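The residues making up each chain are set out below.
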Amino acid sequence: SGALEGSNAKRGLWSSRLAFILAATGSAVGLGNIWKFPYITGENGGGAFVLMYLICIAVVGIPIMMAEVMIGRRGGRSPVSSLRLITERDGLRPVWKMMGAVGILAGFLILSFYSVIGGWAVSYVGTAASGQLTGQSADAIGAIFSGLLSDPMTLLLWHSVFMALVMVVVARGVSSGLERAVTILMPALFVLLLIVVGYAMTSGGFSRAAAFLFQPDFSKLTTSGVLVALGHAFFTLSLGMAVMMAYGSYLPKNISIAKTSITVSIIDTGVALLAGMAIFPIVFANGLEPGAGPGLIFQTLPLAFGQMPMGSLFGTLFFVLLIFAAWTSGISLLEPIVEWLEEQKGMNRTVSTIGAGLVCWALGIASILSLNLWADFAPLGFVPMLEGKTIFDLLDFFTANILLPLGGLLVAIFAGWVMSRQAVEKELALSPGAFRLWHGTLRFVTPVAVAAVFVYNLM
Ligand code: PFF
Ligand code: NA
């Protein structure tokens, strides 16, 4: 169709392998690594959960990332168009429709609460910069955080600021300026995390933290913990909602999909582990609770910044960089929805961005209220698995643990069973042994693993 050709003609390719890695890393590295990974690790007992998460990255995450990038590059268009192009030959329209729906729905729901947490980071820039953290006790730091959560208007303000940042970039069209910023700011975030790890090593809690993170105690791993580990593998690598498919469509043909996917996964996992090593020593040295929940990093890192030399400066810088990491991920959550509205509904970019952004923003209000006025409201509490979960908890659970793995399952089935083996083999250009390993994993191990975790949790 005309729309298809039009969008294809406009599409340049990434200038290099590095450009793709930067964009994909920008999407992958975000609040998932620094905010979510440490707190779910704390809630799920540490080492055994971390090991399970690493296994999920290797066995499920990397093969699916390769599949998404491969489908995107093969189609060379936006995810919905790529899937349609590949499936129309085989008359498999429902598949792309379903995958498109999963992607759009997940994007809306995730961005709605992601932006609220991004807003916490925005708020902490001011907290750190004003010197309020200097020399504070754990109790005082905890009180600052509870004060923020109990104040819906302040939360709404920062949520709005974060959402506006995302909308501005998406409305203008994601540009290469952002790519250049990733080159500088991502390594800077990494260095700052290293500085906090260095401080954490002197805090007296480091060996306990290392044992907590890396000595698996399987008696602490529950079936729901396995589901959380699997869901987080999808969430942290931005899989299951066709983001990597969209980015893969810009990847030049001569670049190895396997190498780039593995590189992005290693960077993402590295940032998460580093965040864990920064946070848990502070937890143990100050007698805090590892299972404190979503507030964990906002109750531990400020304590470190309040105690270390030049802490106000490092703290301010850290939260600015965290916002940046969250921003690039937020953009990748909104972009597919806007692209879909443009392509399928013929809306212009500005109108699509404002429309979709406002829906996410309004949805975010429910998450804000779950932190205070609706903190005891568990709408699906009658389901045993969802007992005590607020709207915010439910959105997180439903997207990361259900929707994204479901999207990933569709990708695995599509790439492993629907697409022609020759086409897939040619696109990946792996050695025969490596291809068999990937193909076998994607066809059998990935679907069985995802299905097994689902079934186990439903029983
Ligand atoms: N991967 C991001 C993070 O770890 O923070 C979150 C995310 C971005 C999930 C984009 C899904 C997505 F499509
Ligand atoms: Na991530």
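Residues numbered from 1 in each chain as written. Chains lettered and ligands numbered in written order. Predicted model: local features only at pLDDT ≥ 70, side-chain atom pairs only at ≥ 80, totals over all residues.

Got a minute to help me understand the overall build of the protein in this structure?
The helix and strand tally for the protein stands at 19 helices and zero strands. Against the 2.2 N^0.38 benchmark of 23 Å for 459 residues, the protein shows a C-alpha radius of gyration of 21 Å, consistent with a compact globule. Its C-alpha atoms put the protein at 65 × 50 × 45 Å along the principal axes. Out of the 459 residues belonging to the protein, those deemed buried represent 52%. (Helix = DSSP H or I, 4+ residues; strand = E, 2+ residues; numbered from the N terminus. Rg over C-alpha atoms; globule rule 2.2 N^0.38 Å. Buried ≥ 20, exposed ≤ 12 C-beta atoms within 10 Å, placed from the backbone.)

For this particular structure, what's the right way to read helix H16 (residues 349–370)?
For an α-helix, 3.6 residues make a turn, and residues three or four places apart therefore share a direction. Over its 22 residues, H16 runs 32 Å from end to end, which matches the ideal 32 Å to within 8%, given 1.5 Å per residue. Here H16 has its buried residues at Ser352, Thr353, Ala356, Gly357, Cys360, Trp361, Gly364, Ser367, Ile368 and Ser370. Seen from one end, H16 has its buried residues packed into an arc of 150 degrees, which puts them on one side. Exposed positions of H16 whose direction lies more than 90 degrees from the buried face are Leu358 and Ala362. (Expected span 1.5 Å × (residues − 1). Arc of directions from axis to C-beta.)

Which parts of the structure should I look at to understand the packing of helix H14 (residues 296–307) against helix H15 (residues 311–345)?
In helix packing, the relevant descriptors are the interaxial angle and the interaxial distance, both defined with respect to the helix axes. One can describe the packing of H14 onto H15 by two numbers: an axis separation of 7 Å at closest approach and a directional angle of 145 degrees. In this structure, the crossing between H14 and H15 has a hand that is right-handed. Side by side, H14 and H15 meet where Leu301, Pro302, Phe305, Gly306 and Gln307 of the first sit next to Gly311, Phe314, Gly315 and Phe318 of the second. (Axes fitted to C-alpha atoms, helices over the stretch in contact; angles between N-to-C directions. Left-handed = near helix turned anticlockwise from the far one by under 90°. Contact = placed C-beta atoms within 7 Å.)

Any chance you could explain helix H13 (residues 257–285) here in plain terms?
Compared with an ideal rise of 1.5 Å per residue, which puts 29 residues at 42 Å, H13 spans 43 Å between its outermost C-alpha atoms and is within 8% of the ideal. Most of H13 sits out of view: 22 of its 29 residues are buried. Trailing H13 by a residue or two, Gly287 shows a phi angle of about 60 degrees, which is positive.

Any chance you could explain the packing of helix H11 (residues 223–236) against helix H19 (residues 432–458) here in plain terms?
Closest axis-to-axis distance for the H11/H19 pair is 9 Å, and the angle between their directions is 140 degrees. Taken together, H11 and H19 sit at an angle that is classed as oblique. The two elements H11 and H19 cross, and the hand of that crossing is left-handed. For the pair formed by H11 and H19, the contact residues are Thr223, Ser224, Val226, Leu227 and Leu230 on the first element and Val450, Val453, Tyr456 and Asn457 on the second. Grouping the constituent residues of the contact of H11 with H19 by class yields six nonpolar, three polar and no charged. (Parallel < 35°, antiparallel > 145°, perpendicular 65-115°, else oblique. Nonpolar A, V, L, I, M, F, W, Y, C, P; charged D, E, K, R; others polar.)

Which parts of the structure should I look at to understand unusual backbone geometry?
Excluding glycine, a negative phi dihedral is what most residues carry, and trans is how most peptide bonds are arranged. Residues other than glycine seldom take positive phi values, yet Ser238 does so here, at roughly 55 degrees. For Ala242, which is not glycine, the phi torsion reads 70 degrees and is therefore positive. Examined against the element boundaries, Ala242 turns out to sit in the loop between H11 and helix H12 (243–248).

I would appreciate a short explanation of the site of ligand 1 in the present structure.
Surveying the vicinity of ligand 1 reveals 15 residues, the closest of which are Gly30, Gly32, Ser238, Val243 and Ser329. For the shell around ligand 1, the elements supplying multiple residues, two or more each, are helix H2 (17–28), helix H3 (31–43), H11 and H15. (Near = placed C-beta within 6 Å.)

Would you mind showing me how to read the nonpolar core here?
The tendency in soluble globular proteins is for nonpolar side chains to be buried side by side. In terms of nonpolar packing, the biggest core is built from 153 residues, with Met66 and Ala415 touching the most fellow members. Beyond its immediate chain neighbours, meaning those up to four positions away, Met66 contacts Ile257, Ala258, Ser261, Leu428 and Trp438. (Core = buried A, V, L, I, M, F, W, Y, C linked by C-beta atoms within 7 Å.)

Sorry if this is basic, but what is going on with the environment of Trp120 here?
Along the chain, the position of Trp120 falls in helix H6 (residues 93–129). We classify Trp120 as buried; it has 27 C-beta atoms within 10 Å. Sequence separation of Trp120 and Gly295 is 175 residues, and the distance between their C-alpha atoms is 9.7 Å.

I would appreciate a short explanation of the environment of Ala67 in the present structure.
Note that Ala67 resides in helix H4 (residues 47–75). Classification of Ala67 by C-beta neighbours within 10 Å gives buried; the count is 30. It is 16 Å that separates the C-alpha atoms of Ala67 and Ala28, two residues lying 39 residues apart in sequence.

What should I look at first to understand the confidence of the model for the protein in this one?
Note: predicted coordinates in regions of low pLDDT should not be interpreted at a detailed level. The predicted model of the protein has a mean per-residue pLDDT of 91, with 95% of residues at 70 or higher. Mean pLDDT values over the elements of the protein span from 36, in helix H1 (residues 2–10), up to 98, in H3. In the predicted structure, residues 1–10 sits below a pLDDT of 50 and forms nine contacts with residues beyond four places in sequence or in another chain. (pLDDT = per-residue confidence, 0-100.)

I tried to follow the environment of Ala326 on my own but got confused; where do I start?
With respect to the element layout, Ala326 can be found in helix H15. Overall, the presence of 27 C-beta atoms within 10 Å leaves Ala326 in the buried class. On a C-alpha basis, the gap between Ala326 and Pro302 in space is 18 Å, while along the polypeptide they are 24 residues apart. If sequence neighbours within four positions are ignored, Ala326 has contacts with Gly30, Leu31, Gly118 and Ala121.

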